[in-house]
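Structural overview for review
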Amino acid sequence: MALFSRIRSSTTATCFRLRHFSILSPDSSTPLTSHQKSRAALSLLKSEQNPDRILEICRAASLTPLYHLDRISFSTAISKLSEGNHFQSIDTFLHELRSRPDLKNERFASHSLILYGQAKMLNHALKAFDDFHNEGLCNSAKSLKALLVAAILSKDYKEAKRIFVEFPKRYGIEPDLETYNTAIKALCESGSSSSVYSILVDMKSKGVKPNATTFGTLLSGFYQEEKYEDVGKVLNLMKEHGIPVGVSTYNIRIRSLCMLKKSNEAKALLDGMLSKGIKPNSITYNNLIYGFCMEGNLEEAKKLFKSMVKGGLEPDSHCYFTLAYFLCQGRDFEEALRICKESMEKNWFPNFSTMKSLVNGLASISKVDEAKELIQNIKEKFSKNADMWDEIEKGLPQ
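The text that follows walks through the structure, step by step, so that each part is easy to find. This is a predicted model, so every value here is computed, not measured.

This part is about the overall build of the protein chain. For the protein chain, the helix and strand inventory stands at 23 helices and zero strands. In terms of overall dimensions, the protein chain has C-alpha extents of about 70 × 65 × 40 Å along its principal axes. Going through the 398 residues of the protein chain one by one, you find that 48% of them count as buried. When contacts within the protein chain are restricted to residue pairs at least 6 apart in sequence, those whose partners lie at least 24 apart make up 63%. When the accessible area of the protein chain is evaluated, it comes to approximately 20100 Å², of which 52% is carbon and sulfur surface.

Here we come to the packing of helix α3 (residues 34-47) against helix α4 (residues 51-61). Running from amino to carboxyl end, α3 crosses α4 at an angle of 170 degrees, the nearest separation of the two axes being 9 Å. On the basis of their axis angle, the class for α3 and α4 is roughly antiparallel. Seen from α3, the contacting residues are Lys37, Ala41, Leu44 and Leu45; seen from α4, they are Ile54, Ile57, Cys58, Ala60 and Ala61. Among the residues forming the contact of α3 with α4, the class breakdown is eight nonpolar, no polar and one charged.

Let us now look at the environment of Ile339. As for its placement among the helices and strands, Ile339 is situated in helix α20 (residues 333-345). Note: C-alpha distance between Ile339 and Thr214 (125 residues apart in sequence) is 37 Å.

Taking 1.5 Å per residue as the helical rise, helix α18 (residues 298-310) with its 13 residues ought to reach 18 Å, and the 18 Å between its terminal C-alpha atoms agrees with that figure. Within the sequence span of α18, burial applies to Leu298, Glu300, Ala301, Lys302, Leu304, Phe305 and Met308. Count one or two residues on from α18 and you reach Gly312, which has phi positive near 85 degrees.

Our next topic: the packing of helix α13 (residues 212-224) against helix α15 (residues 247-259). Where α13 contacts α15, the two axes come as close as 9 Å, and the packing angle between them is 20 degrees. Relative to α15, α13 is oriented roughly parallel. The hand of the α13/α15 crossing is right-handed. Packed against α13, whose contacting residues are Gly216, Leu219, Ser220 and Tyr223, the element α15 presents Thr249, Ile252, Arg253, Arg255, Ser256 and Leu257 at the interface.

On to α15. If you check α15, its first and last C-alpha atoms are 18 Å apart, about what 13 residues at 1.5 Å a residue would give, namely 18 Å. Turning to α15, its buried residues number three or more, namely Thr249, Tyr250, Asn251, Ile252, Arg253, Ile254, Ser256, Leu257 and Cys258. Those residues of α15 hidden inside the fold are in contact with α13, α14 (228-240), α16 (263-275) and α17 (282-294). Among the residues trailing α15, Lys261 stands out with phi positive, at a value near 60 degrees.

Take a nonpolar patch on the surface next. A cluster of nonpolar side chains, Met259, Tyr290 and Met294, forms an exposed patch at the surface whose accessible area comes to about 300 Å². Mapped onto the elements of the fold, Met294 is located in helix α17.

Turning our attention to the packing of aromatic side chains. Scanning the model with the defined rule gives 14 aromatic pairs in all. Note on Phe164 and Tyr180: the rings are 5.6 Å apart at their centroids and 70 degrees apart in plane angle, and the pair reads as edge-to-face. With Phe164 in helix α10 (residues 157-171) and Tyr180 in helix α11 (residues 177-189), this residue pair connects regions lying 16 residues apart in the sequence. Both residues of the pair, Phe164 and Tyr180, belong to the buried class. Centroid distance Tyr223 to Tyr228: 6.1 Å. Interplanar angle 65 degrees. Geometry classified as edge-to-face. Among the residues examined, Tyr223 registers a relative accessible area of 3% and is labelled buried. Positioned over the ring face of Phe132 is Arg98, at 4.7 Å from the centre of the ring.

With that settled, consider the environment of Val234. Relative to the elements of secondary structure, Val234 occurs in helix α14. Accessibility expressed as a relative area gives 0% for Val234, which makes it buried. Sequence-wise, Val234 and Leu219 are 15 residues apart; in three dimensions their C-alpha atoms are separated by 6.8 Å. Setting aside residues up to four positions removed in sequence, Val234 forms contacts with Phe215, Leu218, Leu219 and Phe222.

The next subject is the pattern of salt bridges. For the structure on display, the rule yields 23 salt bridges. Notably, a salt bridge pairs Lys127 with Asp131, separated by 3.0 Å at the nearest N-O pair. Taken together, the positions of Lys127 and Asp131, both in helix α8 (residues 122-134) and four residues apart, correspond to about one turn of that helix. Residues Arg170 and Glu166 are paired through a salt bridge, measuring 3.1 Å at the closest nitrogen-oxygen approach. Placement of both Arg170 and Glu166 in helix α10 is noted, with a separation of four residues, approximately one turn of the helix. Exposure remark for Glu166: the relative accessible area of 33% places this residue in the partly exposed category.

Scoring rules and cut-offs
Residues numbered from 1 in each chain as written. Predicted model: local features only at pLDDT ≥ 70, side-chain atom pairs only at ≥ 80, totals over all residues. Heavy atoms only, no water. Helix = DSSP H or I, 4+ residues; strand = E, 2+ residues; numbered from the N terminus. Buried < 20%, exposed > 50% of the residue type's maximum accessible area, 1.4 Å probe, protein only. Contact = heavy atoms within 4.5 Å. Areas by Shrake-Rupley, 256 points an atom, 1.4 Å probe, with all protein chains shown as cover. Axes fitted to C-alpha atoms, helices over the stretch in contact; angles between N-to-C directions. Parallel < 35°, antiparallel > 145°, perpendicular 65-115°, else oblique. Nonpolar A, V, L, I, M, F, W, Y, C, P; charged D, E, K, R; others polar. Expected span 1.5 Å × (residues − 1). Left-handed = near helix turned anticlockwise from the far one by under 90°. Patch = residues over 30% accessible without salt bridge, like charges linked within 9 Å, V, L, I, M, F, W, Y side chains within 5 Å. Salt bridge = Lys/Arg side-chain N within 4 Å of Asp/Glu carboxyl O. Phe/Tyr/Trp six-rings, centres within 6.5 Å; stacked < 30°, edge-to-face > 60°. Lys NZ or Arg CZ within 6 Å of the ring centre and 35° of its normal.

This is the structure:
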């Protein structure tokens, strides 16, 4: 079944593939499979800037929102086009895709609304929603949620509120839990978290039960607005609705406090978790490590990293990269080197600027041999950048 689902049946799409496959594999005479086309398209799109070529690559791959790689390719293409202010090309392309028989469904309709939102083209998303509704493709809560997401991506929170208030009645669509949660996200991001209380009342009247996501979003909103009394109210509401305050809720609170540069308060929450027998996870520690690094408290960040590993939790690449970067900023180059080596053993290499900072930092504390060894490791991993690292190595003290 999975094999057959991967076959894109559209005659139009097949024609596109036959006409354009060479751009995806110019050195091959063998036609690519759908998966190979998806991978080739994404690889090309990451480095392509020419708007015509971007569209040609997308057409050649016959992208569809059904598949994860294709959704990434769509997003990459729209980002490149919008960054270059090629908005007409975006509209033309998304209109063109509507003619493909395999894309005449709600899945594509909803995804195209989100792509318009990503490009900050909300007026086009609103027009498309109306068109799709008339074609029978946007008649459910799923497409209404997609339009709300488009408004959020466009940072047009006023329009998001209007959509949520007016569109259910206008188009005969009953919001579901995900739609409510998306509307709540819009209100919280816009600094109007208190307005969510009335939405909770509406949900109750419609028989829609809020979940952990509902309250997690609301907690983030009140923290962002520094309304700590309301944070307490939300925690009480969770108890009333039988939603446990577990590690996910604590992680939201800890992240929010760290974003406010209140990492000591966040650390107190970690202590509270442990005293209640709630086991933190790697996300808990990642948030705290980032928070203390942002506040310049590298000693506490290093302690938390050690506690994390000692507790049997595995740091992810982001955690390593965060520590390496801030340790370099704090001129703790020996510890940064240790963290980088551990990260590289897992095949996670920090970015160029961090590694260059570390190399130069090691040289500045008379650890030139360690700096050269690090350069050698990087060149072995990224041979394409060898010349650039050769130049950096030449600049080191001999």
